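Structural characterization, general
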Amino acid sequence: RGAFERTGNLTQGAGGGTNRGEVLVSQGRLEEAEPILRDAVRILGPANALDELIFAGIQQARCDLARGDAAAAVAALGPVMEQALSFRLRHLAVEASIHLGSAHVRSGDPAGAREALSRAEAAAGDLVVHYQAPMMRVRAEVAVAQDRLDDAVSFATAGLEAARAEGIECATEAAGRH
């Protein structure tokens, strides 16, 4: 990010910042991620860099969800998903929908989660196979919330199989090698 900023390309630097923010959110380093993401939004909005702006919005909502504010995540992800759909940014619409599903589960709305997953599948279209792992994770979250533990195990297992089929290393497998 710093290299782009030193050359005067603030938009490209902010886009790189959203990627760094995503990694930090995934690592649970929210205090570091949040100012980077806020700064990215401040730069990307006026630059009309819609794909990066939408991605930053998704990551900000993930921060809300990680902090336990599912209602804020739902409130943020719904419009972000709609914006991604309106600009035909399928990959971002799917990602927003999947996180929206998790946020609905955590806010006690499994029906909202199922609706978000339906929207994710519709947005993914022929690419849905590439999103099966996270979609199965959310289905497992819904099943756990509804005390359907056998279904949750089935969904989680299907998600792990989908991840392996995509060549994604599962955290439990990686941990077993260390």
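Structure: above.
Residues numbered from 1 in each chain as written. Predicted model: local features only at pLDDT ≥ 70, side-chain atom pairs only at ≥ 80, totals over all residues. Heavy atoms only, no water.

With that settled, the discussion passes to the overall build of the chain. In terms of regular secondary structure, the chain is built from 10 helices and zero strands. Scanning the chain from its N terminus toward the C terminus, one meets helices and strands in the order α-α-α-α-α-α-α-α-α-α. Taken over C-alpha atoms, the radius of gyration comes to 17 Å for the chain, in line with the 16 Å a tight globule of 178 residues would show. Looking at the chain as a whole, 42% of its 178 residues qualify as buried. Taking as baseline every contact in the chain between residues at least 6 positions apart, the subset at least 24 positions apart corresponds to 54%. Working note: accessible area of the chain is about 9,200 Å², and carbon and sulfur atoms make up 54% of it. Taking the 18 positively charged and 24 negatively charged side chains of the chain as two groups, their mean positions are separated by 4 Å. (Helix = DSSP H or I, 4+ residues; strand = E, 2+ residues; numbered from the N terminus. Rg over C-alpha atoms; globule rule 2.2 N^0.38 Å. Buried < 20%, exposed > 50% of the residue type's maximum accessible area, 1.4 Å probe, protein only. Contact = heavy atoms within 4.5 Å. Areas by Shrake-Rupley, 256 points an atom, 1.4 Å probe, with all protein chains shown as cover. Lys, Arg positive; Asp, Glu negative; His and termini not counted. Charge placed at Lys NZ, Arg CZ, Asp CG, Glu CD.)

Counting residues in hydrophobic clusters, the biggest one holds 27 residues, and the most contacted among them are Ile 54, Ile 58, Leu 77, Leu 92, Val 94 and Ile 98. Among the secondary structure elements, those contributing two or more residues to this core are helix H4 (50-66), helix H5 (70-86), helix H6 (90-106), helix H7 (110-124) and helix H8 (132-145). It is H6 that contributes the most residues to this core, seven residues altogether. Leaving out residues up to four positions away in the same chain, Ile 98 has contacts with Ala 120, Tyr 131, Pro 134, Met 135, Arg 137 and Val 138. Listed in part, the seven residues of the second largest apolar core include Val 25, Ile 36, Leu 37 and Cys 63. (Core = buried A, V, L, I, M, F, W, Y, C linked by side-chain atoms within 4.5 Å.)

Here the focus is unusual backbone geometry. For Asn 48, which is not glycine, the phi torsion reads 60° and is therefore positive. The residue Asn 48 is located in the loop between helix H3 (30-47) and H4 in this model.

Relative to the 24 Å expected for 17 residues at 1.5 Å per residue, H4 spans 24 Å between its end C-alpha atoms, a close match to the ideal helical length. Every buried residue of H4 is accounted for by Leu 53, Ile 54, Phe 55, Ala 56, Gly 57, Ile 58, Gln 59, Ala 61, Arg 62, Cys 63 and Leu 65. Tucked into the core, H4 has its buried residues touching helix H2 (10-26), H3, H5 and H6. Positioned one or two residues after H4, Gly 68 has a phi angle of 90°, which is positive. (Expected span 1.5 Å × (residues − 1).)

Further remarks concern the packing of H5 against H6. Direction vectors running N to C along H5 and H6 enclose 160°, while the axes themselves pass 8 Å from each other. Accordingly, the angle class assigned to the pair H5 and H6 is roughly antiparallel. In terms of crossing hand, the pair formed by H5 and H6 is left-handed. Of the residues in H6, those touching H5 at Ala 70, Ala 73, Val 74, Leu 77, Gly 78, Val 80, Met 81, Ala 84 and Leu 85 are Leu 92, Ala 93, Ala 96, Ser 97, His 99, Leu 100, Ala 103, His 104 and Arg 106. For the contact of H5 with H6, the per-class residue count stands at 13 nonpolar, four polar and one charged. (Axes fitted to C-alpha atoms, helices over the stretch in contact; angles between N-to-C directions. Parallel < 35°, antiparallel > 145°, perpendicular 65-115°, else oblique. Left-handed = near helix turned anticlockwise from the far one by under 90°. Nonpolar A, V, L, I, M, F, W, Y, C, P; charged D, E, K, R; others polar.)

Attention shifts here to the side chain of Arg 62. Structurally, Arg 62 is set in helix H4. Here Arg 62 is buried and forms no salt bridge, its nearest opposite-charge partner Glu 22 lying at an N-O distance of 4.7 Å. There is a polar contact of 2.6 Å between the side chain of Arg 62 and the side chain of Gln 59. (Salt bridge = Lys/Arg side-chain N within 4 Å of Asp/Glu carboxyl O. Polar contact = N/O pair within 3.5 Å; in protein donor to acceptor, adjacent residues only side chain to side chain.)

H4 packs onto H3 with a crossing angle of 150° between their chain directions and a minimal axis gap of 9 Å. As the angle between them shows, H3 and H4 are arranged roughly antiparallel. Crossing angle aside, the handedness with which H3 passes H4 is left-handed. Residue-level contacts link Leu 30, Ala 33, Glu 34, Leu 37, Arg 38, Val 41, Leu 44 and Gly 45 of H3 to Glu 52, Leu 53, Ala 56, Gln 59, Gln 60, Cys 63 and Ala 66 of H4. The class makeup of the residues in the contact of H3 with H4 is nine nonpolar, three polar and three charged.

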